[in-house]
Amino acid sequence: MEQESRSPFLQHNNTEPANGYSSRFNLDKRGRQNFIGPGFPGLRKRGHALGNRSWNKIEENGNSKVVELDKATVMRHCSLPAQDLRLLDPLFIYPSTILGREKAIVVSLEQIRCIITADEVFLMNSLDGSVVQYKSELCKRLQKEKYNSDDLPFEFRALELALEFACLTLDTQVKELEMEIHPVLDELAKSISTLNLERVRRFKGHLLALTQRVQKVCDEIEHLMNDDGDMAEMYLTEKKQRNSCNDLYDQVQGNNNIIIEPGVGLGSKSAPVSPVGSTSDTHKLQRAFSNVSAHKHGSLLSSSVTADTENIDQLEMLLEAYFVGIDNTLNKLLSLKEYIDDTEDLINIKLGNVQNKLIKFELLLTAATFLATLFAVVTAVFGMNFEDEVFNEPTRFNWVVSISAVLCGVLYICFLLYFKHKKVFPL
């Protein structure tokens, strides 16, 4: 009972208890167990409550398997801080990031979120098409290149595939946006309507969000290319080989110290040897181990001096190739944004032209209204109830009306000539 109480996650045995009370609480309404462990009815399984996540573990030989690991195990195995694992959390949205650590590379590029070590990749288990395709493609390439010599180490091949998928995904989305937005812009340039303006506004929002994502990936690659220390930190295979060589060197030094330690007999008690022979054997062993240690130490120094420059150049060429591709995608987005701006400028010009026409028409109408008002004033004056000699002869009143109309027409022509002289609008 004490052992069972210490292991609450062990499966309950299938033996039915003597009383029927526990059996009634072992199953819920659907006939499934709702607790794990004896003596605790009503408790549910605590797999995800402890922070366990499903990971696809891809090994160097191309084999993959699904494992359940909690955050502490991943941090301890890959020597990562907690904030790096937050970048891989699918519940949060973080910009694209590539971080080089002591024993791992943390990659968060679009949907590809993984931890790359010197001999394995921990990929977030997801049903997303990009993640499944990345897993299958990486396993296929590793199995294909297992018997072929490749200059790139394991972590660079995994990083290259992540960059390739990110660049291809973004470029595909840019092409789809171009195919959708060009007809809308052409239609908007022909006929300005509220529906077309709303569609362009929505596409412009998508364009802005996509530009930010592409810009972040481009800036991340450029930041790595400009920092030699970060690129050297990402060469995990070289660091692993150095650590193994250092361990071998320390082991050789320890064996050398044990052999030459004074007071320790070199021969057995049952077969004593002469002092002269033992001294010569000791000197021979000392010279042998000193040669081995000197050789190892020299190889470590030479590798540490030349490896950084070669590996940095190797990784820099890899990053530069994908930087050119993502920069080309960014240029497509900028060209598309310029096309939208040009269309907006054309629309503004058309709207301004229409507005100018309305202003011209309003100006002409205002001038005509002013002259018509003057003519109406003349007629209103003569329409008043007063006596005048003009009313005695009807022809005189006709002349007054005619002369007033002619004067209004001449005055209107003077207005038009004045507008032309001031270049208010061309006639």
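How each quantity is defined
Residues numbered from 1 in each chain as written. Predicted model: local features only at pLDDT ≥ 70, side-chain atom pairs only at ≥ 80, totals over all residues. Heavy atoms only, no water. Helix = DSSP H or I, 4+ residues; strand = E, 2+ residues; numbered from the N terminus. Buried < 20%, exposed > 50% of the residue type's maximum accessible area, 1.4 Å probe, protein only. Polar contact = N/O pair within 3.5 Å; in protein donor to acceptor, adjacent residues only side chain to side chain. Contact = heavy atoms within 4.5 Å. 1 Å grid on protein atoms, 1.4 Å probe; cavity = no way out; pocket = protein on both sides within 12 Å on 5 of 7 lines; lining within 4 Å. Points joined across faces, edges and corners; volume = space filled by probe spheres on them. Nonpolar A, V, L, I, M, F, W, Y, C, P; charged D, E, K, R; others polar. Axes fitted to C-alpha atoms, helices over the stretch in contact; angles between N-to-C directions. Parallel < 35°, antiparallel > 145°, perpendicular 65-115°, else oblique. Left-handed = near helix turned anticlockwise from the far one by under 90°. pLDDT = per-residue confidence, 0-100. Pairing = 2+ DSSP bridges. Expected span 1.5 Å × (residues − 1). Phe/Tyr/Trp six-rings, centres within 6.5 Å; stacked < 30°, edge-to-face > 60°. Salt bridge = Lys/Arg side-chain N within 4 Å of Asp/Glu carboxyl O.

## Quick look at the side chain of E110
With respect to the helices, strands and loops of the structure, E110 is situated in the loop between β4 (105-109) and β5 (112-116). Classification of E110 by relative accessible area gives buried; the value is 17%. For E110, the side chain forms a polar contact with the side chain of R213, separated by 2.5 Å. Once residues lying within four places of it in the same chain are set aside, the contact partners of E110 are S96, A166, L170 and R213.

## Overview of empty space enclosed by the protein
The final tally for this structure, using the stated rule, is one cavity of 30 Å³ or more. Taken as a whole, the largest cavity encloses approximately 40 Å³ of empty space. Taken together, L109, E110, Q111, I112, S130, F165, A166 and T169 form the lining of the largest cavity. The element best represented in the lining of the largest cavity is helix α6 (residues 154-190), accounting for three residues. Looking at the lining of the largest cavity, its residues break down into four nonpolar, three polar and one charged.

## Examining the packing of α6 against helix α7 (residues 194-226)
α7 packs onto α6 with a crossing angle of 155 degrees between their chain directions and a minimal axis gap of 10 Å. By the criterion of interaxial angle, the relationship of α6 to α7 is roughly antiparallel. α6 and α7 meet at a crossing whose hand is left-handed. When α6 is examined against α7, the residues L163, L170, Q173, V174, L177, E180, I181, V184, L185, E187 and L188 are found in contact with a partner set consisting of N196, L197, R199, V200, F203, H206, L207, L210, R213, V214, V217 and I221.

## Let's talk about the confidence of the model for the protein
A residue-level look at the protein finds 69% of positions with pLDDT of 70 or above and a mean pLDDT of 75. The low-confidence segment residues 259-307, where pLDDT is below 50, has 28 contacts with residues more than four positions distant or belonging to other chains.

## Topic: the sheet that holds strand β2 (residues 64-69)
An order of β2-β1-β6-β5-β4-β3 is seen for the six strands of this open sheet, with the pairing classed as antiparallel. Looking at the sheet topology across the chains shown, the edges are occupied by β2 and β3 (97-100). The average angle at which neighbouring strand axes cross in this sheet is 20 degrees, direction not considered. Here four bridges tie β3 to β4, and the two strands are oriented antiparallel to one another. Directly across from G100, in β4, lies its bridge partner I105.

## Overview of helix α11 (residues 394-421)
Compared with the 40 Å implied by 1.5 Å per residue over 28 residues, the 41 Å span of α11 between its first and last C-alpha is a close match. Regarding α11, the residues found buried are S404, C408 and F419. Following α11 by one or two positions, K423 has its phi on the positive side, about 60 degrees.

## A word on the packing of aromatic side chains
Evaluated as defined, the whole model comprises five aromatic pairs. When the ring of F156 is compared with that of Y235, the centres are 5.1 Å apart and the planes differ by 75 degrees; the resulting orientation is edge-to-face. Within this pair, whereas F156 is found in helix α6, its partner Y235 is found in the loop between α8 (228-233) and α9 (236-259), the two being separated by 79 residues in sequence. Both residues of the pair, F156 and Y235, belong to the buried class.

## A look at the packing of helix α5 (residues 129-144) against α6
Orientation of α5 relative to α6, taken along the N-to-C sense of each, is 140 degrees, at an axis distance of 11 Å. By the criterion of interaxial angle, the relationship of α5 to α6 is oblique. Considering the relative orientation of α5 and α6, their crossing is right-handed. Facing S130, Q133, Y134, E137, L138, R141 and L142 of α5, the residues of α6 in contact are F154, R157, A158, L161, A162, E164, F165 and T169. Across the contact of α5 with α6, the residue classes break down as eight nonpolar, three polar and four charged.

## Side note on the pattern of salt bridges
As enumerated under the stated definition, the model contains 13 salt bridges in all. Between D171 and K175 there is a salt bridge; the shortest N-O distance is 3.4 Å. Of this pair, D171 and K175 are both found in helix α6, four residues apart, which corresponds to roughly one turn of the helix. E187 is paired through a salt bridge with R199; the nearest N and O atoms lie 3.9 Å apart. Of the two residues, E187 sits in helix α6 while R199 sits in helix α7, which places them twelve residues apart along the sequence. The structure contains a network of salt bridges with shared partners spanning E137, R141 and E164.

## Thoughts on the environment of F156
The class of F156 is buried, set by a relative accessible area of 0%. Between the alpha carbons of F156 and Q314 there is a distance of 9.6 Å; along the sequence they are 158 residues apart. Sequence-distant contacts of F156, that is, excluding residues within four places in its chain, are made with M234, Y235, Q314, L315 and L318.

## With respect to the layout of surface pockets
Considered as a void within the structure, the largest pocket measures approximately 430 Å³ in volume. Around the largest pocket sit 21 residues that line it, and P90, I93, E110, Q111 and R113 are the ones nearest its centre. Of all the elements in the fold, those that place two or more residues in the lining of the largest pocket are β1 (53-59), β4 and α7. Here the element with the most residues in the lining of the largest pocket is α7; it accounts for three residues.

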